[in-house]
Amino acid sequence: MTSLLLQITTTAADTTAALAEGAEAGPESVRLIDLALAGGWAMIPLALLSLAAIYIFVERFLTLKKAAKNPEGFNERIKKMVLAGDITGAKMLCAQTNTPVSHMLEKGLTRIGNPLKNIETSIENVGKIEISRLEKNLSALATIAGAAPMLGFLGTVTGMIGAFIAIAQAEGSVSPKLLSSGIYEAMVTTATGLIIGLPAYVGYNYLVSKIDSIVHAMEYSSIEFLDVLQEPQL
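Numbers given for residues are sequential positions, taken from 1 along each chain in its written order. With the structure being a predicted model, the display of local features is reserved for residues of pLDDT at least 70 and the display and counting of side-chain atom pairs for 80 or more, all residues being used for whole-chain, interface and lining totals. In computing side-chain values, all of the structure's heavy atoms are included and hydrogens and water are not.

(A) The arrangement of the overall build of the chain in detail. Runs of H or I in DSSP of at least four residues are treated as helices and runs of E of at least two as strands, each being numbered from the N terminus. Looking only at helices and strands, one finds 9 helices and 0 strands in the chain. Any residue under 20% of the maximum accessible area for its type is buried, any over 50% is exposed, and the rest in between are partly exposed; the area is computed with a 1.4 Å probe on protein chains only. Within the span of the chain, comprising 234 residues, buried residues form 30% of the whole. Note on contacts: a residue pair is in contact if any heavy atoms of the two residues lie within 4.5 Å. Taking the contacts inside the chain whose residues are at least 6 apart along the sequence as the reference set, 78% of them involve residues at least 24 apart. A total of about 14,800 Å² of accessible surface is found on the chain, and carbon and sulfur atoms cover 64% of it. Here the open area of atoms and residues is found with the Shrake-Rupley method and a 1.4 Å probe, where only the protein chains shown may cover a residue.

(B) Main features of the pattern of salt bridges. Each reported salt bridge corresponds to a side-chain nitrogen of Lys or Arg within 4 Å of a carboxyl oxygen of Asp or Glu. For the structure on display, the rule yields 2 salt bridges. Note that Arg-60 is salt-bridged to Glu-59, the shortest N-O span being 2.8 Å. Note on Arg-60: relative accessible area 3%, which makes it buried. Overall, the relative accessible area of 23% leaves Glu-59 in the partly exposed class. Between Glu-130 and Arg-133 there is a salt bridge whose closest N-O contact spans 3.2 Å. Of this pair, Glu-130 and Arg-133 are both found in helix 7 (residues 116-134), 3 residues apart, which corresponds to roughly one turn of the helix.

(C) Local environment of the nonpolar core. In terms of nonpolar packing, the biggest core is built from 39 residues, with Phe-74, Ile-78, Val-82, Leu-105, Leu-134 and Phe-225 touching the most fellow members. Elements represented by at least two residues in this core include exactly helix 3 (43-67), helix 4 (74-83), helix 5 (87-96), helix 6 (100-110), helix 7, helix 8 (138-169) and helix 9 (176-229). The element contributing the most residues to this core is helix 9, with 12 residues. Not counting residues up to four positions away in its chain, the partners in contact with Phe-74 are Leu-93, Cys-94, Thr-97, Val-101, Ser-102 and Leu-105. Take the buried Ala, Val, Leu, Ile, Met, Phe, Trp, Tyr and Cys residues and link them wherever side-chain atoms come within 4.5 Å; each set so joined is a nonpolar core.

(D) Structural detail: the side chain of Ser-222. Here Ser-222 shows up in helix 9. With a relative accessible area of 12%, Ser-222 lands in the buried category. Those residues in contact with Ser-222 that lie beyond four places of it in its chain are Met-104 and Ile-123.

(E) Helix 4, seen in detail. Turning to helix 4, its buried residues number three or more, namely Phe-74, Ile-78, Met-81 and Val-82. With its buried residues spanning 100° around the axis, helix 4 presents them on a single face. Backbone geometry just downstream of helix 4 places Gly-85 in the positive-phi region, at approximately 85°. The arc in question is the one traced by the directions running from the helix axis out to the C-beta atoms.

(F) How the structure looks around unusual backbone geometry. For Asn-137, which is not glycine, the phi dihedral falls at a positive 70°. The residue Asn-137 is located in the loop between helix 7 and helix 8 in this model.

And the structure:
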């Protein structure tokens, strides 16, 4: 029994040593920073594009989140005040509420007494200005979504050109190590461009959907306000 235990122990020790040797002989892991450095010159503009995309998305997300938050029952309070003739109170309420809807209604309130068409025009003009503010920098985010993958492909082309130049200048057999830098640059820049472009594209469409929702609320509020001005009480 003792000899059997010694044999099992020796076998386990040999297996552990063999696994340790295999792990040491295995391929070394590549760090992310090494891959970035291997990407070549294209990684610098790609990094700048990624930072710009993150900044634009976060800034627009917070802005749209704030713009979409009207106080609960805001439109109903404005309606009651207008019907009661409390135009000054309605203006104060709009001034205290910093949203696109409140800005539009405040402009309409200042035009009460003019023809309805003039009030409607003034509200529409303010609405256009507010929509322009909501869409600020969205075109830049869309540009990044399209430019990042193309810049990555450009890095791929330059990397492959470098690899073929190395092949042409090599004498005798071509070693894989000779081609590694060009291939690294080609593959890393392509992957990086797609990694930046895809989230930027998704983020752009998400922000556009949020703007569409806010614009719908603006249109609904303006129509409701104009209907109130046509009530018989006025």
